[in-house]
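Chain by chain, the residues run as shown.
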There are 2 protein chains.
Amino acid sequence: MPDINAADRKSTASDVAKLAGVSKWTVSRAFTPKASISQHSREKVLKAADELGYKPNLLARGLSKNKSNIIGIVVDNFENPHKLMLLNEVTTQLQNKAKIAMVLNISNANSSTRVLTQADQFQVDALIFLGSFITEELIELAITIKHIPFVVVGRSTDITNLNVISTDDISAGQEIAKLLMTQGFSRFGFMSGPESQSTWLARFEGYKSYLAKSNINVEAVLKAGKYDRQRGFAVMDSYLIDHGDDHVEAIFCENDILAIGALDAIKKHGKKIAVVGFDNIELANATSFALTSYRQPLNLMVAQALKVIEDPNASSSQQLPGKLVLRNSHKNSQ
Amino acid sequence: MPDINAADRKSTASDVAKLAGVSKWTVSRAFTPKASISQHSREKVLKAADELGYKPNLLARGLSKNKSNIIGIVVDNFENPHKLMLLNEVTTQLQNKAKIAMVLNISNANSSTRVLTQADQFQVDALIFLGSFITEELIELAITIKHIPFVVVGRSTDITNLNVISTDDISAGQEIAKLLMTQGFSRFGFMSGPESQSTWLARFEGYKSYLAKSNINVEAVLKAGKYDRQRGFAVMDSYLIDHGDDHVEAIFCENDILAIGALDAIKKHGKKIAVVGFDNIELANATSFALTSYRQPLNLMVAQALKVIEDPNASSSQQLPGKLVLRNSHKNSQ
DNA sequence: ACCAATTTTGCAACCGGTTGCAAGCAGCTA
DNA sequence: TAGCTGCTTGCAACCGGTTGCAAAATTGGT
């Protein structure tokens with residue numbers, strides 16, 4: 001295969017400089033948007049660069065500019081398809097800004113320190129937590145990695161002084177309660193994931209407070225303990241075993257994964273309980289589930305998160321409104 | 001909060017050197033595993049480094065060593081939960097080797113050139129394609145990004161001279177055919193994803209050839225065109241509409257996402273058709289589907305892929321055996 | 001055609017590490 | 001104690017860019 005660049009290495013600014021008959025500094029300027037350089041030499045340089053297939057080395061640039069354009073994406077739960085939606089959004093938006101996503105997998109809890117340190121060494125400009133188990137301990141850790149701004153996406157939390165971009169969980173909870181009320185139900189339940197999450201508190205809070213306005217309280221809170229379909233199934237299964245025919249008519253599950261598990265358990269028992277999930281994962285649309293769910297405004301959330309890490313002083317938490325997606329699972333007759 | 005390192009910047013080797021009373025080169029050596037340095041000074045340096053919270057700047061190291069330890073992970077289909085399993089495996093294994101994953105999202109087809117170029121500029125050491133639509137065009141592109149070894153994971157292909165680590169799709173197809181035969185079926189179908197994939201040819205090939213031994217041929221090949229649950233549903237739905245009661249008894253779907261769609265369509269029509277999927281995604285285990293599937297040996301595949309990119313000359317393609325996971329969907333009576 | 005204002009360019013120094021070389025400094029033998 | 005060997009260490013140079021400064025070149029006004 002013919003190869004213009006015979007040497008077995010990438011060409012550098014100096015190579016281009018030689019070919020274009022200018023200094024390497026001029027080459028650098030040619031690749032700097034509003035640098036002081038004549039139109040003439042810029043063209044000359046770009047032509048030479050094109051000929052050699054030259055592209056600036058972003059590591060070197062990062063080193064001298066003290067800005068890597070690498071963003072660390074912290075992920076801890078690779079079981080939930082919802083994470084994939086988030087990852088898709090984040091990587092796309094980053095790439096459009098000429099930045100790049102470095103995925104930091106902390107699902108193996110005991111390695112999270114090591115991984116975050118590693119990210120720090122790679123000079124990530126910022127950290128974005130695509131949250132599930134964002135524990136206080138973890139935040140603490142992130143803070144000790146000084147100089148790095150970070151933001152939590154999609155997870156309400158009551159840890160103060162933290163940049164959190166999330167769905168307006170309270171309103172969402174209310175909206176869902178309202179939806180179920182209009183279906184004429186009178187006995188309500190809720191299913192939560194991990195104990196330590198303050199997210200479900202917000203969703204639950206909205207749900208509960210709306211019902212309270214009609215003097216209804218949430219009679220059953222099923223704790224799955226994890227965001228895990230199997231757990232959702234198991235906890236609903238045992239609830240139904242324990243309660244026989246004396247069960248709630250409608251249940252709001254903290255997310256779709258749990259909701260799908262719950263639906264299967266309900267189906268297994270041949271019961272009818274309305275279910276509403278959260279996240280609107282693709283599978284919610286499967287006819288087996290037809291799961292009514294709440295779509296988080298991922299694009300806005302991610303956009304906002306990027307804005308925050310770019311401008312650390314203007315940073316502030318936000319709660320953005322999402323939207324209910326109606327299917328069949330919330331109805332009283334299916 | 002008290003802060004040992006008052007200056008608002010990360011401390012460098014020079015800072016450590018000053019504190020430890022040695023030269024910055026000695027500091028560098030202290031952090032190089034088998035460097036020539038006395039036990040005494042190494043300890044002195046490490047102590048000082050610890051005090052300042054110093055960790056080597058990996059970008060700078062990458063620059064001088066001409067090795068970034070950044071691996072580009074090319075992903076193009078963020079709808080399939082299976083990708084999350086792969087990402088989990090890849091990131092974990094990379095992190096354990098002190099490498100890091102840079103996710104390159106090429107799902108927006110027209111931006112793939114730009115993204116791959118970007119990765120090149122970030123000096124990725126290698127590219128790993130977590131494949132769905134690995135087109136020839138894309139490979140071509142990857143090759144023009146010279147100097148970078150790359151490997152395709154989880155996707156058979158007949159493009160020659162390419163490092164491909166995949167499941168042994170032919171054997172898998174045979175195994176599945178065998179399984180279905182033992183259930184006593186005599187009319188068989190197959191559902192494929194994207195037209196251009198040579199993967200399904202391999203799975204199909206194994207399936208078909210095994211059936212052929214009993215003089216049975218695959219009477220229906222449903223082409224979904226995409227790896228997409230909705231498409232899987234649609235294509236099965238229209239097949240059943242077209243064929244009334246005259247349909248296949250068993251169908252092997254190229255992956256679980258398609259299989260789940262197919263199952264829903266079958267259920268909608270109140271028919272009984274055995275279904276086998278591929279990938280063994282978590283949802284295959286949901287009672288709504290109880291999908292019999294084939295588990296790819298992801299950990300081995302990824303481990304092998306990393307081996308290949310580390311040692312480009314020893315590189316070679318491999319096809320690793322996976323394992324059938326039996327549930328209910330393949331049975332003749334459910 | 002001359003001079004000041006402005007643009008363009010080259011250079012030294014730097015970002016934070018690593019590497020090859022040579023000098024420094026043991027420790028050991030004779 | 002000189003002489004040799006081998007381990008440590010400091011130094012200059014480099015990886016591939018960027019930045020501030022000052023010199024060079026261009027522009028424009030008269």
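What counts and how
- Residues numbered from 1 in each chain as written.
- Chains lettered and ligands numbered in written order.
- Predicted model: local features only at pLDDT ≥ 70, side-chain atom pairs only at ≥ 80, totals over all residues.
- Heavy atoms only, no water.
- Helix = DSSP H or I, 4+ residues; strand = E, 2+ residues; numbered from the N terminus.
- Buried < 20%, exposed > 50% of the residue type's maximum accessible area, 1.4 Å probe, protein only.
- Contact = heavy atoms within 4.5 Å.
- Buried area = accessible area lost by both parts, 1.4 Å probe.
- Salt bridge = Lys/Arg side-chain N within 4 Å of Asp/Glu carboxyl O.
- Polar contact = N/O pair within 3.5 Å; in protein donor to acceptor, adjacent residues only side chain to side chain.
- Nonpolar A, V, L, I, M, F, W, Y, C, P; charged D, E, K, R; others polar.
- Pairing = 2+ DSSP bridges.
- Least-squares fit on C-alpha atoms with pLDDT ≥ 70 in both.
- Axes fitted to C-alpha atoms, helices over the stretch in contact; angles between N-to-C directions.

Chemist: Describe unusual backbone geometry, with residues and values.
Modeler: Even without glycine at this site, Ala-98 of chain A takes up a positive phi of about 60°. If you trace the backbone, Ala-98 of chain A turns up in the loop between helix 5 (81-96) and strand 2 (100-105). Given the relative accessible area of 47%, Ala-98 of chain A is considered partly exposed. Although it is not a glycine, Asn-280 of chain B sits at a positive phi angle of roughly 55°. Relative to the helices and strands, Asn-280 of chain B resides in the loop between strand 9 (274-276) and strand 10 (293-295).

Chemist: Break down the interface of chain A and chain B for me, with residues and values.
Modeler: If you look at the interface, chain A gives 61 residues, while chain B gives 60 residues. Counting each side, the surface lost to burial between chain A and chain B is near 5,700 Å², with a carbon and sulfur contribution of 59%. In this assembly, chain A and chain B are joined by four salt bridges. Ionic pairing is found between Arg-229 of chain A and Glu-282 of chain B, a salt bridge with its closest N-O pair at 3.0 Å. Summed over the shared surface of chain A and chain B, the number is 30 residue pairs in polar contact (both at pLDDT 80 or more). Elements with a minimum of two residues in the side of chain A that touches chain B: helix 4 (58-65), helix 5, strand 2, helix 6 (112-121), helix 10 (229-243) and helix 11 (256-268) of chain A. Here the side of chain A that touches chain B is composed, by residue class, of 26 nonpolar, 21 polar and 14 charged. Note: strand 2 of chain A against strand 2 (residues 100-105) of chain B, three bridges, orientation antiparallel. Across the sheet, residue Ala-101 of chain A finds its bridge partner in strand 2 of chain B, namely Val-103 of chain B.

Chemist: Residues and numbers for the relation of the copies chain A and chain B, please.
Modeler: Aligned on chain B, chain A shows an RMSD of 0.1 Å; the corresponding rotation is 180° and the shift along the axis is 0.0 Å. The superposition operator between the copies reduces to a two-fold rotation axis. For chain A, the smallest separation between a C-alpha atom and the rotation axis is recorded for Met-102 of chain A, amounting to 2.3 Å. With an isologous cut-off of 70% or more, the 98% of interface residues of chain A that recur at the interface of chain B puts this contact in the isologous class.

Chemist: Provide a residue-level description of the sheet that holds strand 1 (residues 70-75) of chain B, including the pertinent values.
Modeler: Ordered by their spatial adjacency, twelve strands build an open sheet running 11(A)-5(A)-4(A)-3(A)-1(A)-2(A)-2(B)-1(B)-3(B)-4(B)-5(B)-11(B), and the pairing between neighbours is mixed. Only two strands of the sheet have a single neighbouring strand rather than two, namely strand 11 (318-320) of chain A together with strand 11 (318-320) of chain B. Each strand axis lies, on average, 25° off the axis of its neighbour in the sheet, ignoring direction. Bridge count between strand 4 (residues 150-153) of chain A and strand 5 (residues 164-167) of chain A: two bridges; the pairing is parallel. Bridge assignment links Val-152 of chain A to a residue of strand 5 of chain A, and that residue is Val-164 of chain A. Those strands touched by helix 5 (residues 81-96) of chain B are strand 2 of chain A together with strand 1, strand 2, strand 3 (126-130) and strand 4 (150-153) of chain B, and its axis lies near 80° from that of strand 2 of chain A.

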